[in-house]
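Examining the three-dimensional arrangement
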Amino acid sequence: MPVLLVCIACLALCLVPVEVLAGRRVYFQEKNDGSYAVYIEERLLLRLRYPGGYSTIQDRAERLTRELETFFSNPPEEAVTFFVNPVNGRVEGHCNDHRIFTVYKEDAAINNSGVIDLALLWLNRLQMEYYHLLGCYRSRVREKINGQASWYGHEFDGNATAAGETFNPYAFTAAHRSFPPGTLVVVTNPVNGRRVVIRINDWGPQKKAREIDLSLAAARAIGIKEEGVMSVVLEVLR
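An account of the accompanying structure is given in this report. The model shown is predicted, which means the values in this text are computed figures rather than measured ones.

Scanning the entire structure with this criterion turns up nine salt bridges. Between Glu 92 and Arg 99 there is a salt bridge, and its shortest N-O distance comes to 3.2 Å. The exposure class assigned to Glu 92 is buried, which follows from its relative accessible area of 8%.

This is the structure we're talking about:
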């Protein structure tokens with residue numbers, strides 16, 4: 001009986017619109033190694049090991065927690081675009097015009113990562129939280145497709161998309177031939193299991209053998225940038 005209740009509660013959570021669940025518990029904890037872990041509803045979002053532009057790592061964790069609380073308390077009502085913005089050796093994570101966090105070169109070095117890749121990792125986790133895709137979301141999947149994914153990047157930077165937006169290679173977006181603009185799709189790399197959620201805002205790919213054209217950011221987030229083209233799994237959300 002308890003298992004059944006848990007499953008029913010999980011299903012109900014999946015069916016609640018994002019705006020209804022806007023306010024979420026955000027907090028941080030100091031770890032034994034001196035780092036500070038930032039959580040959203042008991043789920044680890046990221047770990048801070050460098051103070052950045054703040055006096056201490058704790059100060060940075062407190063500021064980030066406030067930014068996240070503000071973001072979830074006042075979620076955007078217009079079309080949502082998550083993107084990273086490289087600026088003078090650091091990378092900022094944005095949702096529309098709201099800058100949420102900054103990743104420094106020192107953060108990347110400590111995590112044995114590139115600064116853009118670490119920012120994409122943090123931002124993808126954040127948008128997964130925003131769209132409620134870290135728990136039970138299968139009931140929201142209306143279609144599942146296996147196909148080839150390619151990507152496009154800087155050569156199209158600034159071009160107009162089919163949705164009338166300006167293409168940003170560092171945004172979590174993609175092009176598809178039949179999905180209408182605004183469609184949300186979870187794209188999974190079956191080789192490494194990494195997932196990213198993208199919003200359709202363009203038409204493509206031009207090659208009919210390919211199912212979807214990911215932005216540079218989305219391709220890097222799931223590890224297909226170097227491959228160029230790779231088989232992926234698409235889960236189209238209701």
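Back to the write-up after that little detour.
Turning our attention to empty space enclosed by the protein. Enumeration according to the criterion identifies one cavity of 30 Å³ or more in this entry. Approximately 50 Å³ is the volume attributed to the largest cavity. Taken together, Val 80, Thr 81, Phe 82, Gln 127, Tyr 131, Phe 172, Thr 173, Leu 184, Val 197, Ile 198 and Arg 199 make up the lining of the largest cavity. Counting residues per element, the lining of the largest cavity draws most heavily on strand β10 (residues 195-202), which supplies three residues.

Turning to the layout of surface pockets, a few remarks are in order. Roughly 340 Å³ of internal volume is contained in the second largest pocket. Along its surface, the second largest pocket is lined by 18 residues, and Tyr 152, Phe 156, Trp 203, Gln 206 and Asp 213 are the ones closest to its centre. Sorting elements by how many residues they give to the lining of the second largest pocket places strand β7 (residues 141-152) first, with three residues. Within the lining of the second largest pocket, the residues separate by chemical class into eight nonpolar, five polar and five charged.

Rules and cut-offs
- Residues numbered from 1 in each chain as written.
- Predicted model: local features only at pLDDT ≥ 70, side-chain atom pairs only at ≥ 80, totals over all residues.
- Heavy atoms only, no water.
- Salt bridge = Lys/Arg side-chain N within 4 Å of Asp/Glu carboxyl O.
- Buried < 20%, exposed > 50% of the residue type's maximum accessible area, 1.4 Å probe, protein only.
- 1 Å grid on protein atoms, 1.4 Å probe; cavity = no way out; pocket = protein on both sides within 12 Å on 5 of 7 lines; lining within 4 Å.
- Points joined across faces, edges and corners; volume = space filled by probe spheres on them.
- Helix = DSSP H or I, 4+ residues; strand = E, 2+ residues; numbered from the N terminus.
- Nonpolar A, V, L, I, M, F, W, Y, C, P; charged D, E, K, R; others polar.

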